[in-house]
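# An overview of the molecular structure
As a plain string of letters, each chain reads:
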Amino acid sequence: MEKTKCLIIGSGPAGFTAAIYAARADLSPIMYEGLQPGGQLTTTTEVDNFPGYPDGIDGPTMMEDLKKQASRFGTDVRWGMITEVDTTNRPFRVKADDGKEIEAETIIIATGATAKYLGLESEERFKGGGVSACATCDGFFYKGKDVAVIGGGDTAAEEATYLANMCNKVYLVHRRDELRASKAMQKRVFNTPNIEVLWNHEVKEIVGVEEGFNKALNGVILVNNKTNEENKIDVEGYFVALGHTPNTELFNDKLNMDETGYLITGPDSTATSIPGVFAAGDVQDKIFRQAITAAGTGCMAALESERFLGEQI
Ligand code: NDP
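Residues numbered from 1 in each chain as written. Predicted model: local features only at pLDDT ≥ 70, side-chain atom pairs only at ≥ 80, totals over all residues. Heavy atoms only, no water.

### With respect to the domain arrangement of the protein chain
Quick reminder of the rule: These domain limits were set by an automatic method or by a database of domain assignments. Residues count as neighbours in contact if any of their non-hydrogen atoms are within 4.5 Å of one another. Throughout, buried area stands for the accessible area (probe radius 1.4 Å) lost by two parts on being put together, summed over both. Salt bridges are defined as contacts in which a side-chain nitrogen from Lys or Arg sits within 4 Å of a carboxyl oxygen from Asp or Glu. Gly falls in the polar group here, along with every residue not listed as nonpolar (Ala, Val, Leu, Ile, Met, Phe, Trp, Tyr, Cys, Pro) or charged (Asp, Glu, Lys, Arg).
Under the domain assignment, the protein chain is made up of domain 1 (2-114 + 244-311) and domain 2 (117-240). One C-alpha centre belongs to domain 1, the other to domain 2; they are set 31 Å apart. Each partner contributes residues to the interface: domain 1 has seven residues there, and domain 2 has seven residues. Across the domain 1 to domain 2 interface the summed buried area is about 600 Å²; carbon plus sulfur atoms make up 47%. Where domain 1 packs against domain 2, one counts zero salt bridges. Its residues placed into classes, the side of domain 1 that touches domain 2 shows one nonpolar, three polar and three charged.

Structure below.
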């Protein structure tokens with residue numbers, strides 16, 4: 001049985017920042033990278049809003065840099081998944097898909113969240129060519145253009161108003177005749193002149209030009225679910241805002257979660273309901289979901305792990 005002072009699960013900005021801090025504090029962390037090494041940023045192209053990169057950086061390169069930095073201080077980064085976690089006693093016992101069993105004195109969960117897509121084949125094809133799940137990350141590329149936001153919750157309302165500041169026109173496409181978003185967010189949507197809400201509309205297909213690896217979306221075909229009428233909106237950007245699913249299945253019935261599955265952490269803290277288990281990044285944050293906020297909570301989780309271990313002696 002292997003032993004570690006700190007096991008980090010997940011390898012997005014939260015996981016790697018936790019690893020950098022934990023390794024520098026001599027906790028010799030072991031990190032399991034998970035299903036999508038590098039996390040959600042590896043699916044974006046340009047990251048322009050992470051401080052310290054004046055010319056921007058592409059997501060996969062940034063995650064490679066974070067991995068190198070975490071490894072430089074001795075993080076044992078492993079390609080693989082944690083498949084079982086027993087949090088009943090400390091040290092916690094975990095199993096990985098490489099067959100290893102590990103005893104961990106602290107665990108930092110940084111497994112992130114997964115954006116929901118409609119699941120259309122054309123949506124998949126135009127990812128990186130006009131289809132995005134993050135307006136704050138990619139909106140800048142659509143300055144002065146027409147775009148569509150799909151969804152009717154707070155995320156959709158927030159993304160639509162964010163995009164309306166820089167885009168020519170934003171179509172908010174929603175499948176019902178009322179928004180799920182909070183009244184305050186709805187008001188902002190209705191008061192923004194360049195947002196047009198298309199009620200009772202569903203997406204049928206995304207269309208565009210494809211030449212080899214170069215793809216450029218130029219329209220979305222919609223169906224009015226009351227009349228069955230089809231119409232095409234001419235847009236260059238398509239932003240899904242259908243919500244996210246936190247990657248917390250492994251911790252069902254083990255840690256306190258909210259009704260949507262996000263891990264609940266203490267105020268001003270990354271502590272979960274089990275002492276010694278910390279959560280950082282999108283797995284515990286459904287509001288901000290930014291690389292920089294995830295990195296911030298990753299730092300907090302490592303500092304809290306170190307403090308927790310110090311208190312056990
Ligand atoms: P929600 O689950 O609240 O909303 C998802 C939206 O997508 C709904 O309008 C839903 O439609 C629509 N949708 C889902 N699946 C489909 C589908 N297959 N086809 C068409 N439409 C679909 O997710 P959010 O990300 O908006 O919000 C999640 C949580 O985070 C909420 O509690 C929210 O309040 C919170 N949040 C808070 C923010 C803030 O305070 N600033 C910002 C962002 C989120 P329908 O309504 O018909 O079900």
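### Things to note about the state of the cysteines
What we call a disulfide is simply a covalent bond connecting the sulfur atoms of a pair of cysteines. Operational definition: When the sulfur atoms of two cysteines come within 2.5 Å, that pair is taken as a disulfide. Each residue gets one of three labels from its accessible area relative to the maximum for its type: buried under 20%, exposed over 50%, partly exposed in between, using a 1.4 Å probe on protein chains only.
Under the counting rule described, the total for this entry stands at one disulfide. Lacking any disulfide linkage, C6 is separated from the closest cysteine sulfur, that of C299, by 13 Å. A residue is classified by how much of its surface remains accessible, and C6, at 0% relative accessible area, is buried. As a non-bridged cysteine, C167 has C134 as the owner of its nearest cysteine sulfur, 13 Å distant. Taking the relative accessible area as the measure of exposure, C167 reaches 6% and is therefore buried.

### Details of the site of the ligand
Selection criterion: For each residue, the test is whether any non-hydrogen atom lies within 4 Å of the molecule or strand; if one does, the residue is near. Here a polar contact is taken to be a pair of N or O atoms separated by no more than 3.5 Å, where protein atoms must pair a possible hydrogen donor with a possible acceptor and residues adjacent in sequence count only if both atoms sit in side chains. Here the open area of atoms and residues is found with the Shrake-Rupley method and a 1.4 Å probe, where only the protein chains shown may cover a residue.
In the vicinity of the ligand there are 17 residues, among which D154, T155, R175, R176 and R180 approach most closely. Within the contact set of the ligand, an oxygen atom lies 2.6 Å away from a side-chain nitrogen or oxygen of D154. In this structure, an oxygen atom belonging to the ligand sits 2.9 Å away from a side-chain N or O atom of R175. Expressed as a share of its isolated accessible area of 910 Å², the protein-covered part of the ligand is 72%. Grouping the amino acids of the shell around the ligand by side-chain chemistry returns four nonpolar, six polar and seven charged. Among the domains, domain 1 (2-114 + 244-311) and domain 2 (117-240) are the pair contributing at least three residues each to the shell around the ligand.

### Notes on the sheet that holds strand β15 (residues 214-224)
We count it as follows: Paired strands are those between which DSSP finds at least two bridges. Elements are defined by DSSP. Helices are runs of H or I of four residues or more, strands are runs of E of two residues or more, and each kind is numbered from the N terminus. All axes here are fitted lines through C-alpha atoms, helices being fitted over the stretch that makes contact, and every angle between N-to-C directions spans 0 to 180 degrees.
Here three strands make up an open sheet; going across it, the order is β14-β15-β16 and the pairing antiparallel. At either margin of the open sheet sits one strand with a lone partner, and together these are β14 (201-211) and β16 (230-233). Within this sheet the neighbouring strands show an average axis-to-axis angle of 30 degrees, counted without direction. Across ten bridges, β14 lies against β15 in antiparallel orientation. Pairing of G208 across the sheet is with L217, part of β15.

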